[in-house]
Structure formats: structure tokens, C-alpha cells
Amino acid sequence: MRRAGAERPRSWIQKFLEQITDSPLQWVTFSEMVPVAVLAVQRYMLEDELRNTVPKPPLYCYDVMISDGVYQEKCIVDPSLNLLVYKNILKVGIEVKISRVSCLYNKKLDQDILCIDDIHFGETLDTISLATPFRNSAHEEIPERSLRGGKSHYLARWNKEDPYGYIWLTNTQPEEYNFKNTKIIFLSHLEMTWTNKDFPALLVRLLQKSRLRHYGKPDKKMIEPFCMNLQDSPTNIRIIPEGQVKPKWRLTKLSHCFITRSELDAAPEKQICDVIGILVFVGKVKQLKKKENSEDFWLYHWIHIADGTSEQPFIVELSSTSQPEIFENIYPSSNVDSLNSSPLLSTVNFWFPPAGSTPKLISQMPKNR
């Protein structure tokens, strides 16, 4: 605890900023390297005009948030160091020492940004504190903006399918909805009401959900390149709790074709089937490049599901498909329903039913890779 009137500890971040400001070269090499903590590593797509250089830089850049215990500072990582991110050497929770930093001017943001040019790695920290204040208040803005891309979003660490950022952080459950004054139509009546200005509510049951689609390209000026609801009159979509679904609506039911592990070996090739069981093994998450020279990856791990009908488990290759909160937190002994799975594991839908509740769809594996 600091005594009243005691001076605030000297910030190493503030110190090297002053050194860079005084340097005519706009870069500085440190003789004294002070360890700082890595609080965040965030990926984004570099805009096209910034890639029109020789040699051509990578498609993606990384911002890192560091803390010296006094301030937090967001910096860019020099593209020559991207391999450290790919190999998971530069990651959250590690202690690093920065030996060289340069200063770049971002015309769009109208501010100087720091670029880490050389770095040395220390140990993984047991804990990191997010309570230290930002030296630059602009780094606290919501939504966050990448330092070089100018976009108001970051991408998931390894792929473009997983949602990432504050806009996706919600665990809210569907609320009870009063249908008393709501006019409802079904798909069979859609053509009859297509030209109506007062369009009634279309009632449907969701049967399948694709991966999140990312349409961002370096040459496109899209601030939010996801399939968002951006019409002039945004569509209002309400999720109806299962308990409010009325039998008179006669909505299509989800159909299942369950198979046991003892029956699996005799199943026809490419047959789509559903399985249920206990998760007994979860392998390490692996990355597989989508293309030879691609900077995007498929994320997957192998899991084993036992149903008690055979000594052999179901062996499933599970890919991350827009639901990272499930993919990253599954663990052995979880109850699992795997729907629409084939012996060749081309498509897998997973259900994790809590005790006493109805199972729900949580993940789907891409059909083609």
C-alpha cells in the first residue's frame, strides 16, 4: 500500500514514449529492458492501401495490449514477428521484454502508434491484472478499433468463423413474448402478403444454422464485414422460448435418427445419424491451414463419446463452428448428444443437455473442408 503523498511509481511505458518523442529516428533500442505483461493479442485484416508495398506484408496484423503495472498500452506487432503468434509463443498471460520500439503515424486515427520491433520472452504469469489504467484514453473506446486497420472489429485468433468481441458477449435467455396483438403468418401464406406494407410476423422453427460468414476483404471499406442485419428497416427477430411454442402452430419438429456405438460399424457409408453418450476424452486443440499459403486455420480436436453399448467409443473430429464458448470449454464426463453425424464425420451437431432439461443444438461441423 502506498502512503499518502507518496509518488506514483514511474511507468516504463511512459518513459520509452518520451525517449521515442525525443529521438529524430522515431525508434529506440533499450539498454534496460523492463518486463511487461501481455494482456491481449488481437488479430485484424490489414487494409489494401497499406499492403501496396514491396515486399507485400501479411494479410493480417496483430495488436497487443501490454501493462507495466502502472499503465496499459496498445501496440502493433511488426509483421516480421507474426510467426511468434502462429506458434503461440506471443500469447496472453506471458511476460515479455521489449528491446526495440518504433513510432508510426496513423492518419485515419490522427495519432502516433507504437510498433514492437523486437521482443524477448519470459515466463507465463500466474495472474494478470486488467485494473491498470490506459495511458491513451482512445484505447478504452467501444467498439475497439484496430490500430492500423481502422476497422471497428477484431477477428478471432485463428479463423474468420468464430464471433469475437464485446458485441457477441451475451448469455441472455429468450424472454416471454405476448402474442395477443401480433398477427402471425406461416411460410405457406408468405406470397399472399408479400406486397403488404404492414408485414405480419413470419413464424418458423430454426432447423439448421450455418457458420458465421465473414465477408471482409482488404479492398472493401466494410466496417462490419459480417452478415449483420443492415437493411434500412432492420428485421426484428424474436426467439420464442420452447415453453411458449403452441401445438396449434404445427411447426416442423426436429427429426432424429439415433444410432448406438454397437450399430455404427454396420451402418452404410455416409449415412447421417445421431448419437448420444458421455464425453470421455477431449484432445488438444489443433490448427490446420485452410490452404497451403493461407493465414486462416481450421480449429479442431478429437473427442471420444461412450454410450455403453460397446467397449469402443464414438471417435469424432470436432471443428470450431461459430460457437467458441462451447468448443473451448467441453470436458470429459459431459453428457453429449451428437446429431446428424456420419461414420465419415462430415457433419456433426452437438447437444449438451443439462440435467432435467431439453437438449438444444449447440454446434455444427462444416460439411466440406
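Asker: Got a minute to help me understand a nonpolar patch on the surface in this structure?
Answerer: A grouping of I278, V280, F281, W302 and I315 is seen on the molecular surface, where their side chains present a nonpolar patch of about 420 Å² in accessible area. Ranked by the residues each element gives to the nonpolar patch, the list is headed by strand 9 (residues 273-282), at three residues. Tracing the chain through its elements places I315 in strand 12 (residues 314-319). Since its relative accessible area comes to 45%, I315 is described here as partly exposed.

Asker: Where do I start with the pattern of salt bridges in this structure?
Answerer: As enumerated under the stated definition, the model contains four salt bridges in all. A salt bridge links R135 to E73, with the nearest nitrogen and oxygen atoms 2.6 Å apart. With a gap of 62 residues between them, R135 in the loop between strand 6 (111-124) and strand 7 (184-185) and E73 in strand 4 (residues 72-77) connect regions that are remote in the sequence. The exposure class assigned to R135 is partly exposed, which follows from its relative accessible area of 28%. E73 gets classed as buried once you look at its relative accessible area, which sits at 2%. A salt bridge links D265 to R261; the shortest N-O distance between them is 3.2 Å. For R261, a relative accessible area of 11% corresponds to the buried category.

Asker: Whenever I open this one, the nonpolar core confuses me. Can you help?
Answerer: Grouped burial of nonpolar side chains is what soluble globular proteins tend to show. Grouped together as the largest cluster of nonpolar side chains are 26 residues, with contacts concentrated most on F16, V64 and I98. Within the residue set of this core, elements represented by two or more residues are helix 1 (12-22), strand 2 (35-45), strand 3 (60-67), strand 4, strand 5 (94-106) and strand 6. Not counting chain neighbours up to four residues away, the residues in contact with I98 comprise W12, F30, M33, V36, I66, I116, D118 and I119. Ranked by size, the runner-up nonpolar core spans 16 residues in total, among them L264, A267, C273 and F327.

Asker: I would appreciate a short explanation of the packing of aromatic side chains in the present structure.
Answerer: For any pair of aromatic rings, the description rests on two quantities: the centre-to-centre distance and the angle between the ring planes. According to the stated counting rule, one finds seven aromatic pairs in the structure shown. When the ring of W12 is compared with that of F16, the centres are 4.7 Å apart and the planes differ by 65°; the resulting orientation is edge-to-face. With a gap of four residues between them, W12 and F16 both fall in helix 1, about one helical turn apart. Accessibility classification places W12 together with F16 in one group, the buried group. With a centroid separation of 6.2 Å and an interplanar angle of 55°, the aromatic rings of Y86 and F297 are classed as tilted. In this pair, Y86 is assigned in helix 2 (residues 82-86) and F297 in strand 11 (residues 297-306), connecting sequence segments 211 residues apart. The exposure class of F297 is buried, given its relative accessible area of 9%. Ring-pair connections join several aromatic residues into one group, and the members of that group are Y62, Y86, W158 and F297. Just above the ring of Y60 sits the side chain of R43; from NZ or CZ to the centre is 4.2 Å.

Asker: I would appreciate a short explanation of unusual backbone geometry in the present structure.
Answerer: When glycine is set aside, most residues are seen to have a negative phi, and most peptide bonds are trans. The backbone phi angle of N88 is positive, close to 60°, even though this residue is not glycine. Here N88 lies in the loop between helix 2 and strand 5.

Asker: I keep staring at the state of the cysteines and nothing clicks. Help me out?
Answerer: What is meant by a disulfide is a covalent connection between two cysteines, made through their sulfur atoms. Counting across every chain of the model gives zero disulfides. Free of any disulfide, C115 has its nearest cysteine sulfur in C75, 8.7 Å distant. Counting only cysteine sulfurs, C257 is the nearest neighbor of C273, a cysteine outside any disulfide, at a range of 7.0 Å.

Asker: Whenever I open this one, the environment of I94 confuses me. Can you help?
Answerer: In this structure, I94 sits in strand 5. We classify I94 as buried; its relative accessible area is 6%. Along the backbone, I94 and E123 are 29 residues apart, and their C-alpha atoms lie at a distance of 6.0 Å.

Asker: Help me understand the side chain of R43 in this model?
Answerer: Locating R43 in the fold gives a position in strand 2. A polar contact of 3.3 Å, which involves the side chain of R43, links it to the backbone oxygen of R157. The residues contacting R43, other than those within four sequence positions of it, are Y60, C61, Y62, Y154, L155, A156, R157, W158, N159, K160, E295 and D296.

Asker: Got a minute to help me understand the confidence of the model for the protein in this structure?
Answerer: Caution applies to low-pLDDT parts of the model: their predicted coordinates are not meant to be read in detail. This prediction gives the protein a mean pLDDT of 76; 73% of its residues lie at or above 70. The weakest mean pLDDT in the protein belongs to strand 15 (residues 361-364) at 34; the strongest belongs to strand 4 at 93. Taken as a whole, residues 342-369 scores under 50 in pLDDT and shows 95 contacts with residues more than four places along the chain or in a different chain.

Rules used in this analysis
- Residues numbered from 1 in each chain as written.
- Predicted model: local features only at pLDDT ≥ 70, side-chain atom pairs only at ≥ 80, totals over all residues.
- Heavy atoms only, no water.
- Patch = residues over 30% accessible without salt bridge, like charges linked within 9 Å, V, L, I, M, F, W, Y side chains within 5 Å.
- Areas by Shrake-Rupley, 256 points an atom, 1.4 Å probe, with all protein chains shown as cover.
- Salt bridge = Lys/Arg side-chain N within 4 Å of Asp/Glu carboxyl O.
- Helix = DSSP H or I, 4+ residues; strand = E, 2+ residues; numbered from the N terminus.
- Buried < 20%, exposed > 50% of the residue type's maximum accessible area, 1.4 Å probe, protein only.
- Core = buried A, V, L, I, M, F, W, Y, C linked by side-chain atoms within 4.5 Å.
- Contact = heavy atoms within 4.5 Å.
- Phe/Tyr/Trp six-rings, centres within 6.5 Å; stacked < 30°, edge-to-face > 60°.
- Lys NZ or Arg CZ within 6 Å of the ring centre and 35° of its normal.
- Disulfide = S-S within 2.5 Å.
- Polar contact = N/O pair within 3.5 Å; in protein donor to acceptor, adjacent residues only side chain to side chain.
- pLDDT = per-residue confidence, 0-100.

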